[in-house]
Amino acid sequence: MRFGHFDDARKEYVITTPKTPYPWINYLGSEQFFGLVSHQGGGYCFYRDAKMRRLTRYRYNNVPTDSGGRYFYINDGGDTWTPTFMPMKKELSFFECRHGLGYTQITGTRNNLRAEVLYFVPLGQTAEVHQVTLKNEGSTPKSVKLFSFIEFCLWNAHDDGTNFQRNFSTGEVEVVGSTIYHKTEYRERRDHFAFYHVNAKVSGFDTDRESFIGLYNGFGDPDVPSAGESKNTIASGWSPIASHGLDVTLAPGEEKKFVFVLGYVENPRAEKWEKPGIINKQRAQQLIAAFSSAEQVSAALGKLREHWQGLLSSFTLESGDEKLNRMVNIWNPYQCMVTFNMSRSASYFESGIGRGMGFRDSNQDLLGFVHLVPERARERIIDIASTQFADGSAYHQYQPLTKRGNNEVGSGFNDDPLWLILGVSAYIKETGDYGILDEQVPFDNDPNNAASLLEHLKRSFDHVEKNLGPHGLPLIGRADWNDCLNLNCFSEDPNESFQTTGNRTGRTAESVFIAGMFVHIGPEYARICEYKAQPAEAARARSEVAKMERAVLQHGWDGEWFLRAYDFFGNKVGSKDCPDGDSKILIEPQGYCVMAGIGVATGEAKKALDAVKERLDTPYGIVLNNPPYREYHVELGEISSYPPGYKENAGIFCHNNPWVMIAETMIGRGEQAFEYYKKIAPAYLEDISEIHRTEPYVYSQMIAGKDAPRQGEAKNSWLTGTGSWNFVAISQYLLGIRPEWDGLCVKPCIGKEVPEFTVTRKCRGATYRIHVKSTGGTGQVKLTVDGKPIDGVIVPFAKPGSTVHIECEAS
Ligand code: BGC
Ligand code: NOJ
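Residues numbered from 1 in each chain as written. Chains lettered and ligands numbered in written order. Predicted model: local features only at pLDDT ≥ 70, side-chain atom pairs only at ≥ 80, totals over all residues. Heavy atoms only, no water.

**Q** A description of the site of ligand 2 should follow, citing residues and the corresponding values.
**A** Residues in close proximity to ligand 2 include Arg344, Arg355, Arg360, Asp361, Trp481, Asn482, Asp483, Glu648, Phe653 and Gln701, which together make up its full environment. A distance of 2.6 Å separates an oxygen atom of ligand 2 from a polar backbone atom of tryptophan 481. Out of a free accessible area of 300 Å², ligand 2 has 94% covered by protein chains. Its residues assigned to classes, the shell around ligand 2 shows 2 nonpolar, 2 polar and 6 charged. (Near = heavy atom within 4 Å. Polar contact = N/O pair within 3.5 Å; in protein donor to acceptor, adjacent residues only side chain to side chain. Areas by Shrake-Rupley, 256 points an atom, 1.4 Å probe, with all protein chains shown as cover. Nonpolar A, V, L, I, M, F, W, Y, C, P; charged D, E, K, R; others polar.)

So this is what it looks like as structure tokens:
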């Protein structure tokens, strides 16, 4: 069942009923100021850091769900309603939510009054604009009251939700004309404040929540809108809000627009006050002046559209498959940009107060946006590398505001260092900027201990090599990519973290997955060394990689598939020999080892992928492991803590499915790769939205697997490495176009189902028009470049400004 449809021309998803199976959200902002907005106006916003600088309050896991947002109440002759449906839930004769790239527009009509609310963050501004358009669609004049409503968060979202003994006494506001200023804690250590303004004369206002809503009421039955009269309250402690009351008269057919600006302002310490106790509002007034008319709003929206149009033009696909087109051209890159902005901090599943930026997550996210914003990718790489330790290990997470490593989580996730090499190599291939390797980058953010980025990569590489276990395979540490495979944790206490409680320090538990990563990523390091005229180091790296490959085939091969790991006691994890009730096969080494090319020439790769198909494939995607763990295993950790079929215990983890897709292309089975692709790509799931439940325009981290009662149900949409890896799989391996060291590789492997397509790819300033005829999915290609046939699959990089025409026959 569908709850809306794609509008590809406008690059929007159009939701046509408020009653979707879960709130379907969108993101506003891409620089400093961000907002989350659901299809019914729920959500919140923040400046840079969702924990430390939250402007508006949101209640996670509330009843009803999706509580808190930017709401507009209308009192039309005593009938009070909200055009976003929530929170009043009054019947609407028309409802539509259009989630676009960086903006959302929600329209509700009731009793011939059409109310459209447009939400966006203009480029270059630290503010949200909310434009309300009211239109009288009836034949008699209307005189209505409009009330805006937002609830301020007292800045630190964690404190705001926990420290009530203090918070209920700190709230402060100022009201001047049509602007409400929120200045809690501004009197002391904060140099920032927020404001909510409307470009019209107000008939009243409210800033005290209790007075506006009523102590025993909810957002759905607030006092002031129902009474039709603002109370002009000034908050003192408790919960400051901002509400404007507006009297609006509309002749039949008449339309009026109101522009609300929700802004964030920082003042230099010396310029905080206009006079004692009164905020210096100069900067706020500039922001207000920038959006005082509907024309300014429409110009800013136009700029935002152009911005996205520009970004997305670096990779565009024309094919006969509209679902594929919309994933590749619009929604997958859009999600990649959102993960770039948010990492794993704020979504409807991430509360914005938990995790900072992940070392491994950020490096992998980069793979999906490096072609969109290469300069920002460069900056990101330097930030990430600055949190690496001198021994090559890394802080697992760092805080976006301070860019410092997070001590609570610490280090010891032994896959982390290798992802840095992958991120850097993707960046150089995209840009040709080898100069980045010479940048001086600190270790652990200590400017007195810095080295070139190249040296950081060497330490990453060496960290694996220096931490090998009894079988010559990499030690896993706290966990590898699978955060829940905690082979040194042995946790019996529900109050401790599976990841950070390491009460075994032995050097025995080994990861076949990290071994696969080493074989896949090690050659990238070797190639970089060659470029830097270090042939001996390159040769050393290649020989270590070859050694690792042998170790995998000798100790990491289980007969029909790759083993997952050896545990603390040296027992196999993910083997046919594991007892019944335990998993016998896990997905990660199957995909990753084959991606690395292990066993491709000797047959193990094909066997492993056949085993994936037979044991892990389901109608909704490939599950992580099978059978699921039935009981908690203290020696395995969190993986065995989840009920069968969810999360890392046999859920469909959409992050590692693309590794299998890429692996399938490595052995020339493009058709199978595309089958897997379609099973989890959200646009293909639109018709089963009632089962899938999350947004049909973005990937979710996990879909419940075949062992779960709610098989096919997705959770944790938006902020997941799934976005970038699926983009890599489809664009670079199935459609087959990726920058390599010496040119653009064109090697489609998708099969007959996409018989003909054209990709326009911009890279290093040149444009490549690639027209493909695809008669089979074996990965065999013949290329003609500007009319001349060439050998191989690499089209040399062309001069900036030039256009290269490529004809490709893929069979
Ligand atoms: C989850 C993982 C997640 C980790 C992050 C675990 O509980 O299952 O998916 O990566 O927490 O800390
Ligand atoms: C989510 C985490 O963000 C990611 O780093 C991890 O690889 C997966 N979960 C799998 O556990």
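This is not the end of the story, as more comes after the structure.
**Q** Quick rundown of the packing of helix α8 (residues 359-369) against helix α19 (residues 722-734)? Include the residues and the values.
**A** At a minimum axis separation of 7 Å, α8 and α19 run at an interaxial angle of 45°. Overall, the two elements α8 and α19 adopt an arrangement that is oblique. Our pair here, α8 against α19, has a crossing hand that is left-handed. For the pair formed by α8 and α19, the contact residues are Gln364, Asp365, Leu367 and Gly368 on the first element and Ser724, Trp725, Phe727 and Val728 on the second. (Axes fitted to C-alpha atoms, helices over the stretch in contact; angles between N-to-C directions. Helix = DSSP H or I, 4+ residues; strand = E, 2+ residues; numbered from the N terminus. Parallel < 35°, antiparallel > 145°, perpendicular 65-115°, else oblique. Left-handed = near helix turned anticlockwise from the far one by under 90°. Contact = heavy atoms within 4.5 Å.)

**Q** With reference to specific residues and values, describe a nonpolar patch on the surface.
**A** Together, Phe164, Phe168 and Trp238 make up a nonpolar patch on the protein surface, roughly 300 Å² of accessible area in all. Along the chain, phenylalanine 164 turns up in helix α2 (residues 164-167). (Patch = residues over 30% accessible without salt bridge, like charges linked within 9 Å, V, L, I, M, F, W, Y side chains within 5 Å. Salt bridge = Lys/Arg side-chain N within 4 Å of Asp/Glu carboxyl O.)

**Q** Explain the nonpolar core residue by residue, including any values.
**A** The biggest cluster of nonpolar side chains holds 238 residues, and the ones touching the most others in it are Leu134, Leu146, Leu324, Trp419, Tyr592, Tyr677 and Trp725. The greatest single-element share of this core, amounting to 12 residues, is contributed by helix α12 (residues 512-531). Counting residues in each nonpolar core, the second largest holds 10 residues, with Met88, Phe147, Phe212 and Phe219 among its members. (Core = buried A, V, L, I, M, F, W, Y, C linked by side-chain atoms within 4.5 Å. Buried < 20%, exposed > 50% of the residue type's maximum accessible area, 1.4 Å probe, protein only.)

**Q** Describe empty space enclosed by the protein, listing the residues and the values that go with them.
**A** Tallying each qualifying case throughout the model produces 3 cavities of 30 Å³ or more. In terms of lining residues, the largest cavity is bounded by Tyr27, Gly29, Ser30, Gly102, Val121, Leu304, Trp308, Tyr334, Met337, Val338 and Asn341. Breaking the lining of the largest cavity down by element, the ones donating at least two residues are α6 (294-312) and α7 (322-342). Looking at side-chain class alone, the lining of the largest cavity contains 7 nonpolar, 4 polar and no charged residues. If you tally residues by element for the lining of the second largest cavity, the top one is α19, at 4 residues. (1 Å grid on protein atoms, 1.4 Å probe; cavity = no way out; pocket = protein on both sides within 12 Å on 5 of 7 lines; lining within 4 Å. Points joined across faces, edges and corners; volume = space filled by probe spheres on them.)

**Q** Before we move on, can you summarise the pairing of strand β10 (residues 103-110) with the specific residues and values?
**A** Burial within β10 is extensive, with 8 of its 8 residues counted as buried. Residues Tyr103, Gln105, Thr107 and Thr109 point to one face of β10 and Thr104, Ile106, Gly108 and Arg110 to the other, with burial holding for every one of them. Bridge count for strand β9 (residues 94-99) against β10 is 6 bridges, and the pairing is antiparallel. In the strand pairing of β10, cysteine 97 is matched with isoleucine 106. (Pairing = 2+ DSSP bridges.)

**Q** Describe the sheet that holds strand β27 (residues 510-511), and please don't skip the residues or the numbers.
**A** Adjacent strands of a sheet pair through backbone hydrogen bonds, lying either parallel or antiparallel. Spatially, 3 strands are ordered β27-β28-β29 in an open sheet, and the strand pairing comes out antiparallel. Across the chains shown, the open sheet's two edge strands, defined by having one partner strand only, are β27 and β29 (572-573). When β27 meets strand β28 (residues 565-566), the two strands line up antiparallel, connected through 2 bridges. Counterpart to serine 511 in the pairing with β28 is alanine 565.

**Q** Lay out the sheet that holds strand β22 (residues 315-319) with the relevant residues and their values.
**A** Across the sheet, 6 strands lie side by side as β22-β39-β40-β44-β41-β42; this open sheet has mixed pairing. Lying at the two open borders of the sheet, with one neighbouring strand each, are β22 and β42 (788-790). Across the sheet, the mean angle separating the axes of adjacent strands is 20° when strand polarity is ignored. Across 5 bridges, strand β41 (residues 781-785) lies against strand β44 (residues 803-810) in antiparallel orientation. Bridging across to β44, leucine 783 finds its partner in cysteine 808.

**Q** Would you mind going over the environment of glycine 220 in detail, with residue names and values included?
**A** Along the chain, glycine 220 falls in the loop between α3 (209-213) and α4 (223-227). Taking relative accessible area as the criterion, glycine 220 reaches 29% and is therefore assigned partly exposed. The spacing of glycine 220 and phenylalanine 757 is 537 residues in sequence and 50 Å in space, taken between C-alpha atoms. Residues in contact with glycine 220, not counting those within four places in the same chain, are Pro87 and Met88.

**Q** An account of the site of ligand 1 is needed here, citing residue identities and associated values.
**A** As a matter of local geometry, ligand 1 sits amid Arg355, Asp483, Cys484, Glu638, Tyr642, Lys647, Glu648 and Gln701. Here an oxygen atom of ligand 1 and a side-chain polar atom of aspartate 483 are 2.5 Å apart. Take glutamate 638: an N or O atom from its side chain is 2.4 Å from an oxygen atom of ligand 1. Across the complex, the protein chains shield 76% of the 300 Å² of accessible surface that ligand 1 would expose by itself. For the shell around ligand 1, the per-class residue count stands at 2 nonpolar, 1 polar and 5 charged.

**Q** Pulling in residues and values, what's your account of the side chain of threonine 767?
**A** Along the chain, the position of threonine 767 falls in strand β40 (residues 766-774). Not counting the four nearest positions on each side in its chain, threonine 767 is found in contact with Thr760, Arg761, Lys762, Ser802, Thr803 and Val804.

**Q** An account of α6 is requested, with residue identities and associated values reported.
**A** Over its 19 residues, α6 runs 27 Å from end to end, which matches the ideal 27 Å to within 8%, given 1.5 Å per residue. Taken residue by residue, α6 has Val297, Ala300, Leu301, Leu304, Trp308, Leu311 and Leu312 as its buried positions. Down the axis of α6, the smallest arc covering the buried residues is 110°, so these residues share one side. Away from its buried face by more than 90 degrees, α6 exposes Glu295, Lys303 and Glu306. Looking at the packing, one finds that the buried side of α6 touches β10, β11 (113-120), β12 (127-136), β19 (255-266), β22 and α7. (Expected span 1.5 Å × (residues − 1). Arc of directions from axis to C-beta.)

**Q** I'd love a proper account of the environment of threonine 104, names of residues and values included.
**A** Mapping threonine 104 onto the fold places it in strand β10. Classification of threonine 104 as buried rests on a relative accessible area of 0%. Along the chain, threonine 104 and histidine 39 lie 65 residues apart, while their C-alpha atoms are 8.0 Å from each other. If we ignore the near neighbours within four places in the chain, the residues touching threonine 104 are Asn26, Leu28, Val37, Cys97, Arg98, His99, Val117, Leu118 and Tyr119.

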